[in-house]
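Residues per chain are reported as follows:
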Amino acid sequence: SGHVQLLPPQNVTLLSKDFDMILTWTPGEGSPPDVTYTVRYESQERMDKWIKVPHCKNIRSTSCNLTCVLPNFFVKVRARVKAVSGRFQSPWIESQFQEYYLDVELAPPVLNVNVKKNLIHVNASFPLATCVESFSWMYDLNLWEAGSEDKKQYEGIFRKNTVTIDTTALRGNYCLSARSSFQSIDFKRSKFSQPVCVLLNHKG
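Peer 1: Is there a simple way to think about the packing of aromatic side chains in this case?
Peer 2: Aromatic ring pairs are described here by two measures, namely the spacing of the ring centres and the angle between the planes. For the structure shown, the criterion picks out 14 aromatic pairs. Considering the side-chain rings of Phe 74 and Phe 135, the 5.9 Å spacing of their centres and the 50° angle between planes classify their relative orientation as tilted. With Phe 74 in the loop between β5 (63-65) and β6 (77-85) and Phe 135 in the loop between β10 (119-125) and β11 (138-145), the pair connects residues that are 61 residues apart, well separated along the chain. Among the residues examined, Phe 74 registers a relative accessible area of 48% and is labelled partly exposed. Summarising the aromatic geometry, the rings of Tyr 101 and Phe 182 are spaced 5.7 Å apart at their centres and angled 85° between planes, so their arrangement reads as edge-to-face. Of this pair, Tyr 101 sits in helix α1 (residues 100-103) while Phe 182 sits in strand β14 (residues 172-183); the two residues are 81 residues apart in sequence, bridging distant segments of the chain. By way of ring pairs, the aromatic residues Phe 19, Phe 73, Phe 74, Tyr 100, Tyr 101, Phe 126, Phe 135, Trp 137, Tyr 139 and Phe 182 are connected into one cluster. One Lys or Arg, Arg 80, reaches over the ring of Trp 92 and ends 4.2 Å from the middle of that ring.

Structure below.
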């Protein structure tokens, strides 16, 4: 039979999404159904030392979450992936370099709104991997009356802090939305979360 060759993964990209750093790829042309992938990474601290990623060895998936294996969030890293099928292996294909601190992309927080008499308590939960919880993530909060464009803004709230809003003077349907933010070299922000709306001081 002819020369059997396993073509390497394509579109190999190291990217950040929703606070994570992920290597993604697409299968090489004509990949057999049993193909699996193995990933390694190197950091600019130690070039030419490719480090194994135990949870991304012989995986069927076409992505590998590297967030919590990164040795240093302030150093550029790159990753590589190869295809494996039976006794055949493709060449490794390398990604470009990325640095978590500079390149992290944020996801909106999830708001938890607790309505009390004359008060609302608002806090935000962030979809974060445990290993990056110690960064000083923040959020901005908007409050507005449903149907109005006039938003009251609360900015630069630390991730774990609760915002207490006096609602004595508010009556009707009010909405809240938030975005995550982070001070890196520049200021990073997520999109705003889907609004959460509450009925205040409703005289039933």
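Peer 1: What is the right way to look at unusual backbone geometry in this model?
Peer 2: Leave glycine aside and you will find that most residues have negative phi; peptide bonds, for their part, are mostly trans. Phi is positive for Asn 58, close to 55°, though the residue is something other than glycine. Within the secondary structure layout, Asn 58 lies in the loop between β4 (46-52) and β5. One non-glycine residue with positive phi stands out, namely Asn 118, at about 65°. Here Asn 118 lies in the loop between β9 (110-116) and β10.

Definitions and limits used
Residues numbered from 1 in each chain as written. Predicted model: local features only at pLDDT ≥ 70, side-chain atom pairs only at ≥ 80, totals over all residues. Heavy atoms only, no water. Phe/Tyr/Trp six-rings, centres within 6.5 Å; stacked < 30°, edge-to-face > 60°. Helix = DSSP H or I, 4+ residues; strand = E, 2+ residues; numbered from the N terminus. Buried < 20%, exposed > 50% of the residue type's maximum accessible area, 1.4 Å probe, protein only. Lys NZ or Arg CZ within 6 Å of the ring centre and 35° of its normal.

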